[in-house]
Structures are given as structure tokens and as C-alpha cells.
Amino acid sequence: MDYIITFSDVMAAILTLGVGAMGFFLKHWFDGVEQHSRETQEKIEQGNETIQERIDKNNEKVNERIDKLEEKTDKDIEHIKQEINDIKGDFATTFVLREDFFRSMNGVEDRIKSIDQKIDRLLLNTENNK
């Protein structure tokens, strides 16, 4: 019994080889896509690390500036507190209360009236003695 190769046998072989070749190329193509996807993912992760490093450096710089500003502000506040305390200390010796001023002025007015009366008596006595 001789085996005869028919058209359908040839076509079956060609289709089998064609499907196998397509499977090989599709697998190769999917492997390339997967490899490219992994490389892209690695680049994204490296970019994220770089960005995070920059953010951390920026945060450090900003925190340093904030700390310096806080120190300066604290020093300014302490200076202002000291000036206010100095003013409070000088207040009693520099400024006079309204009531104390009126009391003092009333005393001055009484002394001036007394001096005025004495001058009037002296003038009257000198005119009478002439």
C-alpha cells in the first residue's frame, strides 16, 4: 500500500507550518511587548525615585527656611517683649496720672495765691510807709 500525498495533505502541512510560524512570531512579539513593558515600568520607578529625592531635598530646604524664619520671629518677639517691659518700668517715673497732675497743679495754684497775697501786703505796706 502506497501512500499518496494529496492536495489536502499538502494544505494541512502548510497550514500547520503557517499556524506554527504565526504562533512563534506572536509569542516572540508578546515577549517583546512584555519586555518593553518591564523596561517602561523600571524607567517609571526610577523617575519616581528621582522625583521623590527632589521632593525630599526641597522639603529639607523649605523646612530650613521655615526654621530660620521661626528663630528670627521668636527673637523679634522677645525683643518686643523686652521693649514693652522697659516701657512699663519707665512708665511710673516718666508719666503722671491725670489725678496726680491735677492734685499737683492745685498745690502750685495755692502756693501762687499765697505768694500773691504776700506781695500785695508788701506793696500796701510800702505805700503806707511813704
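Residues numbered from 1 in each chain as written. Predicted model: local features only at pLDDT ≥ 70, side-chain atom pairs only at ≥ 80, totals over all residues. Heavy atoms only, no water.

Colleague: Kindly report on the overall build of the chain, identifying the contributing residues and their values.
Modeller: Secondary structure assignment for the chain yields 2 helices and 0 strands. The buried share of the chain, reckoned over its 130 residues, is 0%. Roughly 12800 Å² of accessible area belongs to the chain as shown, and the carbon and sulfur atoms make up 60% of that amount. Once the 19 positive and 28 negative side-chain charges of the chain are each reduced to a mean point, those two points are 14 Å apart. (Helix = DSSP H or I, 4+ residues; strand = E, 2+ residues; numbered from the N terminus. Buried < 20%, exposed > 50% of the residue type's maximum accessible area, 1.4 Å probe, protein only. Areas by Shrake-Rupley, 256 points an atom, 1.4 Å probe, with all protein chains shown as cover. Lys, Arg positive; Asp, Glu negative; His and termini not counted. Charge placed at Lys NZ, Arg CZ, Asp CG, Glu CD.)

Colleague: A description of the packing of aromatic side chains should follow, citing residues and the corresponding values.
Modeller: Both the distance between ring centres and the angle between the ring planes are used here to describe each pair of aromatic rings. In this structure the tally under the stated criterion is 3 aromatic pairs. Considering the side-chain rings of Phe24 and Phe25, the 5.4 Å spacing of their centres and the 70 degrees angle between planes classify their relative orientation as edge-to-face. Phe25 matches Phe24 in its accessibility class, with the two residues each being exposed. Between Phe101 and Phe102, the aromatic rings sit 5.9 Å apart at their centres with planes inclined by 55 degrees, giving tilted as the arrangement. The partly exposed category is assigned to Phe101, whose relative accessible area is 45%. (Phe/Tyr/Trp six-rings, centres within 6.5 Å; stacked < 30°, edge-to-face > 60°.)

Colleague: Describe a negative patch on the surface, listing the residues and the values that go with them.
Modeller: There is a patch of like negative charges on the surface, built from Glu39, Glu42, Glu45, Glu49, Glu53, Asp56, Glu60, Glu64, Asp67, Glu70, Glu71 and Asp74. Relative to the elements of secondary structure, Glu53 occurs in helix α1 (residues 7–94). (Patch = residues over 30% accessible without salt bridge, like charges linked within 9 Å, V, L, I, M, F, W, Y side chains within 5 Å. Salt bridge = Lys/Arg side-chain N within 4 Å of Asp/Glu carboxyl O.)

Colleague: Requested: an account of the pattern of salt bridges, with residues and values cited.
Modeller: Following the criterion strictly, the structure yields 5 salt bridges and no others. One salt bridge in this structure joins Asp31 and Lys27, with 3.2 Å as the shortest N-O distance. Taken together, the positions of Asp31 and Lys27, both in helix α1 and 4 residues apart, correspond to about one turn of that helix. Classification of Lys27 by relative accessible area gives exposed; the value is 53%.

Colleague: Give a description of the environment of Ala13 that names residues and reports values.
Modeller: In this structure, Ala13 sits in helix α1. Using a relative accessible area of 39% as the deciding quantity, one classes Ala13 as partly exposed. Here the alpha-carbon distance between Ala13 and Phe95, two residues 82 residues apart in the chain, equals 118 Å.

Colleague: So what's going on with the environment of Thr50? Residues and values would help.
Modeller: Tracing the sequence through the fold places Thr50 in helix α1. Judged by its relative accessible area of 36%, Thr50 falls in the partly exposed class. Put simply, Thr50 and Asp100 are 50 residues apart on the chain and 74 Å apart in space, counted from C-alpha to C-alpha.

Colleague: Just give me the short version of a nonpolar patch on the surface, but keep the residues and values in it.
Modeller: Residues Tyr3, Ile5, Phe7, Val10, Met11 and Ile14 make up a contiguous nonpolar surface patch of about 680 Å² in total accessible area. Tracing the sequence through the fold places Ile5 in the segment before α1.

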